[in-house]
Each structure stands twice: as C-alpha cells, then as structure tokens.
Amino acid sequence: MALTDEQRSEIEAVRAAPNQTVRPTVPAMEALLFEPFPLLDHGFIRVVDYMGDDSAVVQAARVSYGKGTRKTSEDAGLIRYLMRHRHSTPFEMCEIKFHVKLPLFVARQWIRHRMASVNEYSARYSVLDREFYLPDATQIAAQSKVNNQGRGETLSAETAAEVLSILQRDALQCYGDYEQLLDPEGLGVARELARINLTLNTYTQWYWKIDLHNLMHFLALRSDPHAQYEIRVYAQKMIEILKAWVPHTAQAFEDYRLGAYSFSAGMLKVLRRRLAGESVTQETSGLTKREWTEMQAVLEG
C-alpha cells in the first residue's frame, strides 16, 4: 500500500478542517489539496500547499495592485506572450509544495534539479520502510542500442520474470540484513551505517517546494519521452496538477514548450533554403548527421 490506514486518517482529518483565508485560491486545487495520487507500486504524490495562480503571474508582470478589471482573455494573452518570449520572472511568483514517495534511484535523478527546497526522510534518524519498487514486466527491457542511457526492446515474459525474481530476492535479502544490522540486541549498528546496505529500489519520501518557472523546466525535461519511465510517471501526474492550478499557464506551457521544438541557426538556414525552392541534403546542409536526423524527425513527425 502507498499509504497506511493511519496516514489516510491523518490526511482526511486535515482535509476536513478547512481554514479561512483572504489570499487568492484555486477551487480545483483546493479540491485536490493533500490528496495522495498513487504512482508506481508503492509511491505517491500529493500537493501540501501552493501560493498564487494565473492572476499572480499577470499581476507580477504588470506590477499591479490586484487582479484588475481586464478580461480573462487578456490575461491569457499576456501569459502566452511571457511564455513565448521566455520572460520567466513572473512565473517565479507562484510556488507549490509536494509530498512525494519515490524509489531512491528516482530521487537521485530528481535531485539533479537544484532550484527547489527539499527535505527528505532521514535514514540516519528513522528506519526506512520495507518497501521496494519492482517494475511491471512490460517495463523490463534490454539496453538501447542507440541511446546509452535508455531502454530498448522489451524482454520476453520468461526473462522479465527472472529479472523480477532477482530484484525481489536481492531487495528482501538486503532489507533483512539491514534489520539484522540495526537490531539493538544483536549487531546494533548505527542507522546511518546500516542504511548503506539497502538497494536503490527502496522507497524514500520528501517534501519538495519549487516555484512555477522551475517546476515547468523540471516537467519539460522529465516528461520527455527520452526521460526514464519511472520519473516520467511522476512528471505526467504533476502536469495534470499544473492544469488544475494554473490552466492558462499550463496551456501556454504545452503550446510553447512541450509541443514545440527549437531550431538552431543552421536548421533555420536549411528551412529558408527549402522554402526558396532549393533541394537540400544532409551533405549540403552544413548540419551533422545527428542534427539532420533530429530536424527531419520533427518536420516529418
């Protein structure tokens, strides 16, 4: 289970005790506040708090005193302008705080995004739960032959079952040894030392607070098809939350970041030559084979 009955009771108690406020709120976010969304086999993500909304982005851009009297369409237009021209500061005025439960190897990828405040469950202070991530058989694949950090073809059902057996066996063995190391009537090893024996699929938890601009940068990278599946699952759920929180910003983000592609100066020259009627090949383009392939994939996709 991602959450124990006791944890669910605590969350329900918080949700049942609303607080009055004069600050701007978003009804869609209020409805999902504190609610855990299960991810992978034992993980989850939930919104703990948020500050600001679409109007806060607009207010910061205009440096106005309040929401003003402009139409929603005008606000959406300004947000799209800011996104299109990469004016990031107004988006930094909004913040969101997540509670995330995730495997250690996903956490190590995630923490590479340094523009956030993080507080992780301390395995020096507390004992980690006996929970491990075991991928679905459909996610067990061979090493990609074209991407040094990605997966290739899915392995056969028999091979996948063998892989899962090894992962589960090792995780259980290491956790059993972890308990043995911790046993105060046995070896009595300090928690900060005992934890080093745990496997990378062990689950951890943290609170992660970030501003809207840097959140979108995280999502653009981690929701990309080239990102590892396990972190992509979290990013995709966060995009759903983004749509509930700041719908105009989320739409602009999808249009100008997720659904867009940036061409290099060399690629633009090739496109202009093509528009002028010239037949351009990779050999005459001035682009490397990789650049040419990437450009062709976008144009033909």
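What you are looking at is a predicted structure, and each value in this text was computed from that prediction instead of being measured.

Our focus in this paragraph is the packing of helix α4 (residues 72–84) against helix α10 (residues 247–258). Contact pair α4 / α10: the axes reach a minimum separation of 9 Å and the direction vectors enclose 40 degrees. The orientation of α4 relative to α10 falls into the category oblique. Helix-helix and strand crossings are classified by hand; for α4 and α10 the assignment is right-handed. From α4, T72, A76, I79, R80, M83 and R84 reach across to α10, where they touch H248, T249, Q251, A252, F253, D255, Y256 and R257. For the contact of α4 with α10, the class distribution of residues is six nonpolar, four polar and four charged.

With that settled, the discussion passes to the layout of surface pockets. Its boundaries defined by the atoms lining it, the largest pocket holds a volume of some 1300 Å³. What lines the largest pocket is a set of 31 residues, among which L221, D224, P225, H226 and A227 lie closest to the centre. Those elements giving two or more residues to the lining of the largest pocket turn out to be α8 (212–222), α9 (229–245), α10 and α13 (289–300). Class assignment for the residues of the lining of the largest pocket results in 12 nonpolar, 11 polar and eight charged. When we break the lining of the largest pocket down by domain, the ones giving at least three residues each are domain 1 (5–128 + 201–257) and domain 2 (265–300). The computed volume of the second largest pocket comes to approximately 350 Å³. Taken together, 14 residues form the lining of the second largest pocket, with P18, N19, E30, L33 and F34 sitting closest to its centre. Taken together, the residues that form the lining of the second largest pocket break down as six nonpolar, four polar and four charged.

Okay, the packing of helix α11 (residues 265–275) against α13 next. Relative orientation of the contacting elements α11 and α13 amounts to 55 degrees, with a least axis distance of 11 Å. Considering the angle they form, α11 stands oblique to α13. Crossing hand, α11 versus α13: right-handed. Taking contact as the criterion, the partners of M267, V270, L271 and R274 in α11 are, on α13, E291, W292, M295, Q296 and L299. In terms of residue class, the contact of α11 with α13 is made up of six nonpolar, one polar and two charged.

The positions UniProt marks with the feature "active site" (unreviewed entry) are R222. On the secondary structure map, R222 appears in helix α8. In contact with R222, not counting residues within four places along its chain, are Q109, R112, H113, A227, I231, R232 and A235. At 2.9 Å, the side chain of R222 forms a polar contact with the side chain of H113.

So, how was this worked out
- Residues numbered from 1 in each chain as written.
- Predicted model: local features only at pLDDT ≥ 70, side-chain atom pairs only at ≥ 80, totals over all residues.
- Heavy atoms only, no water.
- Axes fitted to C-alpha atoms, helices over the stretch in contact; angles between N-to-C directions.
- Helix = DSSP H or I, 4+ residues; strand = E, 2+ residues; numbered from the N terminus.
- Parallel < 35°, antiparallel > 145°, perpendicular 65-115°, else oblique.
- Left-handed = near helix turned anticlockwise from the far one by under 90°.
- Contact = heavy atoms within 4.5 Å.
- Nonpolar A, V, L, I, M, F, W, Y, C, P; charged D, E, K, R; others polar.
- 1 Å grid on protein atoms, 1.4 Å probe; cavity = no way out; pocket = protein on both sides within 12 Å on 5 of 7 lines; lining within 4 Å.
- Points joined across faces, edges and corners; volume = space filled by probe spheres on them.
- Domains from an automatic or database assignment.
- UniProt positions renumbered as here; feature names shortened; annotations may be inferred.
- Polar contact = N/O pair within 3.5 Å; in protein donor to acceptor, adjacent residues only side chain to side chain.

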